[in-house]
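Breakdown of the fold
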Amino acid sequence: MTQDEIKLPLILDIKGNSLDDGPGIRSVVFYKGCPLSCVWCHNPESKKAAVEISFEAKTCINCGACREVCPKNALACDNPFYVDRRICDLCFLCVDACPSGALDKIGTLMSINDIVKKILPDKPFFDTSGGGVTLSGGEPTLFMDFTSGLLMSLKQNSIHTLLETCGFFDIQKFIDKLYPYLDAIYFDIKIIDDEAHKKYCGVSNEKILNNFRQLFRKTADDGKMLLPRIPLIPNITDTESNIQEIALFLKSMNINEAALLAYNPLWHEKSDKVGVNDPYKNCKMMTSFSDRDVLERCNRIFDASGINTIL
């Protein structure tokens, strides 16, 4: 599906009172849909732009109500993910029938007004703390026109705006439609080697790195914040060679600050919920939180290049 074919996003969630997605107290709008397919995606439910069904086994009481109403017989205890998504037609009758909430619909169509209305009650917290609204995902730049309208509406309400992005977008559309209404951009740089990026993220990184270079030049002129972020994925992005190459890439532009994102293994549970096969499910290294030694090693590499790191 191309960007032109995707007109309106589905919203996964609007999380209030966040302290981890930018300065101050923030509300975070999570979009559904991403042009990358990172094998470690922390929000696997955000990869597809389309609506999905999820099943949480530990919440299920095995009452059978969902199986009774399913017209496709797509639900069974011996299905690996309970829901056979090859035949499920997403009628969501099972979700309505489920008394425990084990089955759920993932993705909600919301208008710009709906989103802003939900966010505005938190504006006093933004104003007091220096916070605002962060657009995340998924990937908000998949929906340029919608995101532009949302950002405009937020700025009309004097709300600080921040975008978290994977960097894979049309740079001219970004500059024309989003950039004027953004106060800050958090830009993920995962892997420098292009072949490794294709292997682990599904696409070439050429556009991503070029977009970062162009945005760096523009934000340097305009005084807006552009923060590169490096997710530390065991033996994929946190290798000494990859961290050194990222540090060299940033140093070539005289960038003096970057964020290191500690690894969080909780995405494995989310993959099960949306029926995604997880090749790392039984890999000890990929099911443990970031080791402090790894964080310190990566920090030393950046420090040696004169780049301050935010952990």
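Below is a short write-up of the structure.

What counts and how
- What you see as residue numbers is a count from 1 along each chain, following the sequence as written.
- Given that this is a predicted model, residues contribute local features only at a pLDDT of at least 70 and side-chain atom pairs are listed and counted only at 80 or more, while totals for whole chains, interfaces and linings are drawn from all residues.
- Side-chain metrics rest on all non-hydrogen atoms present in the structure, leaving aside hydrogens and water.
- Should a side-chain nitrogen of Lys or Arg be within 4 Å of a carboxyl oxygen of Asp or Glu, the pair is scored as a salt bridge.
- Numbering goes from the N terminus for both helices and strands, where a helix is a DSSP run of H or I of at least four residues and a strand is a run of E of at least two.
- Relative accessibility under 20% of the residue-type maximum defines a buried residue, over 50% an exposed one, and the middle range a partly exposed one, all with a 1.4 Å probe and only protein chains included.
- Here a strand pair is declared whenever DSSP counts at least two bridges between the two strands.
- Here, the term right-handed applies to a crossover whose path from the first strand over the helix to the second runs clockwise when the strands point away from the viewer.
- Residue types Ala, Val, Leu, Ile, Met, Phe, Trp, Tyr and Cys, when buried and joined through side-chain atoms within 4.5 Å, form a set referred to as a nonpolar core.
- Where helices are involved, their axes are fitted lines through C-alpha atoms of the stretch in contact, as for all axes, and angles between N-to-C directions lie from 0 to 180°.
- Two helices that cross are described as forming a left-handed crossing if the nearer one is turned anticlockwise from the farther one by less than a right angle, and a right-handed crossing if clockwise.
- We call two residues in contact whenever any of their non-hydrogen atoms come within 4.5 Å of each other.
- Side-chain classes follow a simple rule in which Ala, Val, Leu, Ile, Met, Phe, Trp, Tyr, Cys and Pro form the nonpolar group, Asp, Glu, Lys and Arg form the charged group, and the remainder, Gly included, forms the polar group.
- For classification purposes, angles smaller than 35 degrees are called roughly parallel, those larger than 145 roughly antiparallel, those between 65 and 115 roughly perpendicular, and all remaining angles oblique.

A few words on the pattern of salt bridges. For the structure shown, the criterion picks out 16 salt bridges. The residue Asp183 makes a salt bridge to Lys155 at a minimum N-O spacing of 2.7 Å. Taken together, the positions of Asp183 in the loop between α6 (171-178) and β8 (184-188) and Lys155 in helix α5 (residues 144-156) put the pair 28 residues apart, joining distant regions of the chain. By relative accessible area, which is 28% here, Asp183 ends up partly exposed. On the accessibility criterion, Lys155 (29% relative accessible area) is partly exposed. A salt bridge links Lys218 to Asp222, with the shortest nitrogen-to-oxygen separation between them at 3.7 Å. Linking Lys218 with Asp222, this pair stays in helix α8 (residues 206-222), spanning four residues, or about one helical turn.

Another aspect to go through is the pairing of strand β7 (residues 160-165). Counting buried positions along β7 gives five out of six residues, so the element sits mostly inside the fold. As judged from the four bridges shared by strand β6 (residues 132-136) and β7, these two strands associate in the parallel manner. Bridge pairing in β7 links Val133 to Thr161. What joins β6 to β7 is α5, and the crossover it makes is right-handed. Direction of pairing for β7 relative to β8: parallel, over a ladder of four bridges. Paired with Leu163 across the two strands is Ile185, which belongs to β8. Between β7 and its parallel partner β8, the chain crosses via α6, and the hand of that crossover is right-handed.

Quick look at the nonpolar core now. Trp40, Phe174, Leu250 and Phe302 are the most contacted members of the largest nonpolar core, which totals 67 residues. Among the nonpolar cores identified, the runner-up in size contains 14 residues, and Tyr82, Val83, Cys94 and Leu103 belong to it.

What follows concerns the packing of α6 against α8. Axis separation between α6 and α8 bottoms out at 10 Å; the angle between their running directions is 35°. Crossing handedness for the pair α6 and α8: right-handed. Along the contact surface, α6 presents Ile171, Phe174 and Ile175, while α8 presents Asn211, Gln214, Leu215 and Lys218. Here the contact of α6 with α8 is composed, by residue class, of four nonpolar, two polar and one charged.

With respect to the helices and strands, Leu162 occurs in strand β7. Apart from residues lying up to four places away in sequence, Leu162 is in contact with Asp21, Gly22, Pro23, Arg26, Val133, Thr134, Leu135, Leu182, Ala184 and Tyr186.

Before going further, it helps to spend a moment on the sheet that holds strand β11 (residues 308-310). The strands making up a sheet are joined through hydrogen bonds of the backbone, oriented either antiparallel or parallel. Pairing is mixed in the open sheet, where nine strands are placed in the order β5-β1-β2-β6-β7-β8-β9-β10-β11. The sheet is open, and its two borders are formed by β5 (108-109) and β11, each paired with just one other strand. In the packing of α8 onto the sheet, contacts are made with β8 and β9 (225-231), and the angle to β8 comes to roughly 155°.

With that settled, the discussion passes to unusual backbone geometry. Cis peptide bonds are those with omega within 30 degrees of zero, and the linkage from Gly137 to Gly138 qualifies with 5°. Within the secondary structure, Gly138 sits in the loop between β6 and α5. Phi is positive for Leu90, close to 60°, though the residue is something other than glycine. Within the secondary structure, Leu90 sits in the loop between α1 (65-69) and α2 (93-97).

Right, let's talk about the packing of helix α9 (residues 240-251) against helix α11 (residues 292-304) for a bit. Two numbers describe how α9 lies on α11: the axes approach to 9 Å, and their chain directions differ by 30°. The angle between the axes of α9 and α11 places the two elements in the roughly parallel class. The interaxial crossing formed by α9 with α11 has right-handed handedness. Taken together, the residues of α11 that come into contact with α9 (itself represented by Glu240, Ile243, Gln244, Ile246, Ala247 and Leu250) are Arg297, Cys298, Ile301 and Phe302. Broken down by class, the residue content of the contact of α9 with α11 amounts to seven nonpolar, one polar and two charged.

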